[in-house]
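Listed below, chain by chain, are the residues.
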Amino acid sequence: MHGMTTALPSGSWTHSFEEDADGIEVYRPTATFAFPPSRKGRNVLEFGAPAGAMAQGEATLTSMAPGPDDRPRAGPVTRLVPLGMGRYAFGDASGARDVIDIVEATPDVLRLARR
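Predicted model, so just to flag it, every value in this text is computed and none were measured.

J.: Account for the overall build of the protein, with residues named and values stated.
T.: Helix and strand counts for the protein stand at zero helices and eight strands. When the helices and strands of the protein are placed in sequence order, the string is β-β-β-β-β-β-β-β. Counting across all 115 residues of the protein, residues that qualify as buried make up 33%. In the protein, the proportion of contacts linking residues at least 24 apart, taken out of those at least 6 apart, comes to 38%. Carbon and sulfur atoms make up 55% of the accessible area of the protein, which amounts to about 7200 Å² in all.

J.: Give a description of the nonpolar core that names residues and reports values.
T.: Of all hydrophobic cores here, the largest spans 14 residues; its most connected members are Phe47, Leu80, Ile100, Ile102, Leu110 and Leu112. Broken down by secondary-structure element, the contributors of at least two residues to this core are strand S3 (44–48), strand S4 (59–66), strand S6 (87–91), strand S7 (97–105) and strand S8 (110–114). The dominant element in this core, judged by the number of residues it contributes, is S7, at three residues. The contacts of Leu112, once residues within four sequence positions are left out, are Gly23, Ile24, Glu25, Tyr27, Leu45, Ile100, Asp101, Ile102 and Val103.

J.: Give a description of the pattern of salt bridges that names residues and reports values.
T.: On inspection of all chains with the given rule, the structure shows eight salt bridges. One salt bridge in this structure joins Arg42 and Glu18, with 2.7 Å as the shortest N-O distance. Here Glu18 lies in the loop between strand S1 (11–15) and strand S2 (25–29) and Arg42 lies in the loop between S2 and S3, a separation of 24 residues in the sequence. The partner of Glu104 in a salt bridge is Arg111, with the nearest N and O atoms 2.8 Å apart. The buried category is assigned to Glu104, whose relative accessible area is 13%. Judged by relative accessible area, Arg111 falls into the partly exposed class, the value being 26%. Through salt bridges with shared partners, a single network forms among Asp69, Arg71 and Arg73.

J.: Explain the sheet that holds S2 to me, using residue names and the numbers behind them.
T.: For sheets, the rule is that strands pair by backbone hydrogen bonds, running either parallel or antiparallel. Here we have eight strands rolled up into a closed barrel, ordered S1-S2-S8-S7-S6-S5-S4-S3, and antiparallel in their pairing. Within this sheet the neighbouring strands show an average axis-to-axis angle of 35°, counted without direction. Alignment of S2 against S8, held across three bridges, turns out to be antiparallel. The residue of S8 that forms the bridge with Glu25 is Leu112.

Each value, and the rule that gives it
- Residues numbered from 1 in each chain as written.
- Predicted model: local features only at pLDDT ≥ 70, side-chain atom pairs only at ≥ 80, totals over all residues.
- Heavy atoms only, no water.
- Helix = DSSP H or I, 4+ residues; strand = E, 2+ residues; numbered from the N terminus.
- Buried < 20%, exposed > 50% of the residue type's maximum accessible area, 1.4 Å probe, protein only.
- Contact = heavy atoms within 4.5 Å.
- Areas by Shrake-Rupley, 256 points an atom, 1.4 Å probe, with all protein chains shown as cover.
- Core = buried A, V, L, I, M, F, W, Y, C linked by side-chain atoms within 4.5 Å.
- Salt bridge = Lys/Arg side-chain N within 4 Å of Asp/Glu carboxyl O.
- Pairing = 2+ DSSP bridges.
- Axes fitted to C-alpha atoms, helices over the stretch in contact; angles between N-to-C directions.

Honestly, it's all geometry; don't read function into it.
What follows is the structure, given as structure tokens:
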């Protein structure tokens, strides 16, 4: 488990749903992983820092899902709120709030659980 961390990753990660197990979602780097063909499309998570972020640990999340023509459609950018121990909260415009737990983050794989 060299290089394993529960720190928030950066960049673009695509859902490798074939590897999901026991409530853990597996994501792979969008640009470098050779995904097998899929008829149902793949969701993408984009982690980044908000424009003008000054505080360390500030981050944003943009979820992208296949649209009606199979091209990815980006949802709104949401600010991630660190809760500690690799857990982050984020919400949407309706006030709904989700929590993700980073179970494992390496340069090759991101495993997370949703609460």
